[in-house]
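Spelled out, the chains give:
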Amino acid sequence: MAAARRGKKKTVVKVELGWGGLFSLAVVVFCIFMWMFLLGLWAGQSILAPLPEMTAAGLTAVQTREGN
């Protein structure tokens, strides 16, 4: 039993940041979140926007064109 315990080593990872590193990390995270926000706005306005035929004005125009 003692040999089995000695053979197994735990890996310990320790991360330390100073004030400069903490500030830099905060700036990077802010930029990533800002980029995701702007990308979401762009996707909502262009990719996910409804087609003009599906809006009320577009549907009325299509119905008028078809003679309904």
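Relevant structure appears above.
Reading the values: the criteria
Residues numbered from 1 in each chain as written. Predicted model: local features only at pLDDT ≥ 70, side-chain atom pairs only at ≥ 80, totals over all residues. Heavy atoms only, no water. Helix = DSSP H or I, 4+ residues; strand = E, 2+ residues; numbered from the N terminus. Buried < 20%, exposed > 50% of the residue type's maximum accessible area, 1.4 Å probe, protein only. Areas by Shrake-Rupley, 256 points an atom, 1.4 Å probe, with all protein chains shown as cover. Salt bridge = Lys/Arg side-chain N within 4 Å of Asp/Glu carboxyl O.

1. Here's the deal with the overall build of the chain
So, point 1. Helix and strand counts for the chain come out as 3 helices and 0 strands.
So, point 2. Going from the N terminus to the C terminus, the chain shows its helices and strands as α-α-α.
So, point 3. Relative to its full complement of 68 residues, the chain shows a buried share of 3%.
So, point 4. Taken as a whole, the chain presents about 6,800 Å² of accessible surface, with 70% of it coming from carbon and sulfur.

2. Quick notes on the pattern of salt bridges
Opposite charge on two side chains permits pairing when their charged atoms draw close.
So, point 1. Enumeration over the complete set of coordinates arrives at 1 salt bridge.
So, point 2. A salt bridge links Glu16 to Lys14; its shortest N-O distance comes to 3.5 Å. Across this residue pair, the class does not change: Glu16 and Lys14 are exposed.

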